[in-house]
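Coordinate inspection notes
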Amino acid sequence: MNPQTTSGWRKSARKVAIVLVLIGSLLPPLCMNIGAYAQQAGWSGPILKLNRQFPSFYALLLCQMWGLFSYISPFNFTINYRVELTDGEIVTLHDFKKEAAGAWQSILFHNEPKADLNFYANPGALRNYMEYLIRTNGLDPAGVARRTIYLHYQSVLPRDQAAATGTHYGPETDRVIDSY
Amino acid sequence: MLSTVIRTTLARLNEFFFGPDKTQWDLVRIGAAITILLPLVFLGISGNYARLYGHWGMLPRNQAVDVVYWPGFLFLMKADPNWIWKIYWATIAAALCLGLGLWTRIAAAATFFLYVATVQRNLISFNGEHGILAFVLVALVFAPAPQRWSLDHLILKKPLPVKPEAWPTRFLQFNVCLMYFFTTVGKLLGAWKLGSGEIWYQITLSDWFRFPNVEWFRTPWVSWLAVHGSLLIEGSFPFLVWTRLRLPLVLLLIAFHVLIAILFSNGVLFFNIAAIVALCGFLKATDFDWLINARRVRRYPPDPPTASSQAS
């Protein structure tokens, strides 16, 4: 066979392979986002099946659900942790590493507001964090009778309500999200 | 007729994916390295690294085994608590090499894997920038190398690629377009009325906003402009960036992210920097030639034409 023809075929095959791999690598996020947003839009039918797991891509962070700044919590909140010991004492737990950062907390722990949102969506992770706090607060897990995770939050009032009440914020409230 | 159309289409596709690449990869590479290095330094000096990823952190090693995706297993391989610090320093070294352009492709691949492994070790630490940097790093693995401002070229004297191909750039660009397209879709489908810009009013009163006391930020017309303006910019970007509007649109979106970084808390700072880094993948080395030429002309104005040159 003519070496020039072989070389031409090799080049073409390489190019086709690159384009296929490139497009193939975009398909998982494309499918997942189309399926998820079709579901959100209230559509039905086979399009919803596109929203499926692509574990190999997800593991490499290459299959993201894109929605930057698409969601905002309608209230400001902090997640708080307290325990009741077997002797009846109530202890509020502290994250000493965060508190040690002092004025630098917003820089050194810049990711914490997002971590709190992730916690809010993941009850299992909240419980793991509770155990971490119990350990780092020097408590014996066996000596804890009840663990309570609660939100301290303040609603943001809609514009018309804010105009009527003269403030942008509702009253500060606590709500227990997990107690066990 | 059909064969001509097919041939023309294939030629254009060939040019699109394998034509000469003039992307500012130096900017992307250095920006990505900084966006990885700075948070890593903060994680290290604050103790947050051990808190998030340590064997006795908020997701202990024995529980992590059941929940992490496979890259995160790198952290669980050894029972020694100091093992995570070896990974930490390896990530710092890899990102540093990437930033300096030393063994660029290997550094990009190592940084990608170590970075993904770190995030997967505890997904509570996941933030928007991680998703962006992941595809940026993959693009850097395949990007033309060495690049002009890299140790590979300047010190190791590796020659610049003779005919760099555009397909790694296209990978990066397609991902950025997907990101903005679906972000717009998400906002349009959100459970709020977009018409009056009420969502912006809420945002300015959230803990994420730096200036909740500045009332004019949430006046009705500013709210309307913020919501519809951001939708217009982000929503049109994936389509218009392929036209002659590319440069102004990319610069506008970069300015948009700078504005968000200023207005919002540090929680979204590195996300915005990562978005800007990814947007640099749309900038070409020739984009600012007019600026350089204008400065050169101002510094060294051309000699006035002499009689002999006029005659010639």
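Residues numbered from 1 in each chain as written. Chains lettered and ligands numbered in written order. Predicted model: local features only at pLDDT ≥ 70, side-chain atom pairs only at ≥ 80, totals over all residues.

1. Some words on the overall build of chain A
If you tally the helices and strands in chain A, you get seven helices and four strands. The order of helices and strands in chain A, counted from the N terminus, is α-α-β-β-α-α-α-α-β-α-β. By the compact-globule yardstick of 16 Å for 180 residues, chain A is too spread out, its C-alpha radius of gyration being 25 Å. Oriented by its inertia axes, the alpha-carbon framework of chain A measures out at about 90 × 50 × 40 Å. Looking at chain A as a whole, 21% of its 180 residues are labelled buried. (Helix = DSSP H or I, 4+ residues; strand = E, 2+ residues; numbered from the N terminus. Rg over C-alpha atoms; globule rule 2.2 N^0.38 Å. Buried ≥ 20, exposed ≤ 12 C-beta atoms within 10 Å, placed from the backbone.)

2. Structural notes on the nonpolar core
Residue and element names in this part refer to chain B. Core analysis: the biggest nonpolar cluster contains 95 residues, and Ala32, Val136 and Leu137 have the highest contact counts within it. For this core, the element with the most residues is helix H14 (residues 269-279), which contributes ten residues. Excluding its chain neighbours within four sequence positions, the residues that come into contact with Val136 are Val28, Ala32, Leu172, Val277 and Ala278. (Core = buried A, V, L, I, M, F, W, Y, C linked by C-beta atoms within 7 Å. Contact = placed C-beta atoms within 7 Å.)

3. Focus on the packing of helix H6 (residues 83-100) of chain B against helix H7 (residues 104-121) of chain B
All names here are of chain B. Closest axis-to-axis distance for the H6/H7 pair is 8 Å, and the angle between their directions is 140°. Along this stretch, H6 crosses H7, giving a crossing that reads as left-handed. In this structure, H6 uses Ile87, Ala90, Thr91, Ala94, Ala95, Cys97 and Leu98 to contact H7, whose residues at the interface are Thr104, Ala107, Ala108, Ala110, Thr111, Leu114, Tyr115 and Thr118. Residues of the contact of H6 with H7, tallied by class, amount to eleven nonpolar, four polar and no charged. (Axes fitted to C-alpha atoms, helices over the stretch in contact; angles between N-to-C directions. Left-handed = near helix turned anticlockwise from the far one by under 90°. Nonpolar A, V, L, I, M, F, W, Y, C, P; charged D, E, K, R; others polar.)

4. Some details on helix H2 (residues 25-46) of chain B
Because the α-helix completes a turn every 3.6 residues, residues three or four places apart line up on one side. Across its 22 residues, H2 of chain B extends 32 Å between first and last C-alpha, which sits within 8% of the 32 Å expected from 1.5 Å per residue. At the exit of H2 of chain B stands Gly47 of chain B, carrying a positive phi of roughly 85°. (Expected span 1.5 Å × (residues − 1).)

5. Quick word on the confidence of the model for chain B
This prediction gives chain B a mean pLDDT of 93; 96% of its residues lie at or above 70. Interface confidence for the predicted complex, given as ipTM, is 0.92, next to a pTM of 0.92. (pLDDT = per-residue confidence, 0-100.)

6. Some points on the domain arrangement of chain A
Split by domain assignment, chain A resolves into domain 1 (3-59) and domain 2 (75-179). Using only C-alpha atoms to locate each centre, domain 1 of chain A and domain 2 of chain A end up separated by 41 Å. (Domains from an automatic or database assignment.)

7. Some details on the interface of chain B and chain A
Each partner contributes to the interface: chain B provides 55 residues, whereas chain A provides 48 residues. At the level of secondary structure, the elements contributing two or more residues to the side of chain B that touches chain A comprise helix H1 (2-18), H2, helix H3 (48-53), H7, helix H8 (128-142), helix H10 (167-189), helix H11 (198-204) and H14 of chain B. When residues in the side of chain B that touches chain A are grouped by element, the largest group, twelve residues, is from H10 of chain B. For the side of chain B that touches chain A, the class distribution of residues is 31 nonpolar, 19 polar and five charged.

8. Let's talk about the domain arrangement of chain B
Where interface size is given, it is often the accessible area lost as the parts come together that is meant. All names here are of chain B. Domain annotation of chain B identifies domain 1 (21-161) and domain 2 (166-285). Distance between the C-alpha centres of domain 1 and domain 2: 26 Å. Taken together, the contacts link 20 residues of domain 1 with 18 residues of domain 2. A per-element tally of the side of domain 1 that touches domain 2 places H8 first, with eight residues. Residues belonging to the side of domain 1 that touches domain 2 are distributed by class as follows: eleven nonpolar, six polar and three charged.

9. Things to note about the pairing of strand E1 (residues 75-85) of chain A
All names here are of chain A. Sheet analysis places E1 next to strand E3 (residues 144-156), joined by eleven bridges and oriented antiparallel. Pairing of Asn76 across the sheet is with Gln154, part of E3. Alignment of E1 against strand E2 (residues 90-92), held across three bridges, turns out to be antiparallel. Counterpart to Arg82 in the pairing with E2 is Thr92. Connecting the antiparallel pair E1 and E2 is a turn made up of four residues, with Gly88 showing a positive phi of about 95°. (Pairing = 2+ DSSP bridges.)

10. Focus: the sheet that holds E1 of chain A
Residue and element names in this part refer to chain A. Across the sheet, four strands lie side by side as E2-E1-E3-E4; this open sheet has antiparallel pairing. Looking along the sheet, the strands with just one partner apiece sit at the ends: E2 and strand E4 (169-179). With strand direction ignored, the average angle separating the axes of adjacent strands in the sheet is 30°. As defined by bridge partners, E3 adjoins E4 across eight bridges and the pair is classed as antiparallel. Counted as the bridge partner of Tyr153 is Thr173 from E4. In the packing of helix H6 (residues 123-136) onto the sheet, contacts are made with E1, E3 and E4, and the angle to E3 comes to roughly 120°.

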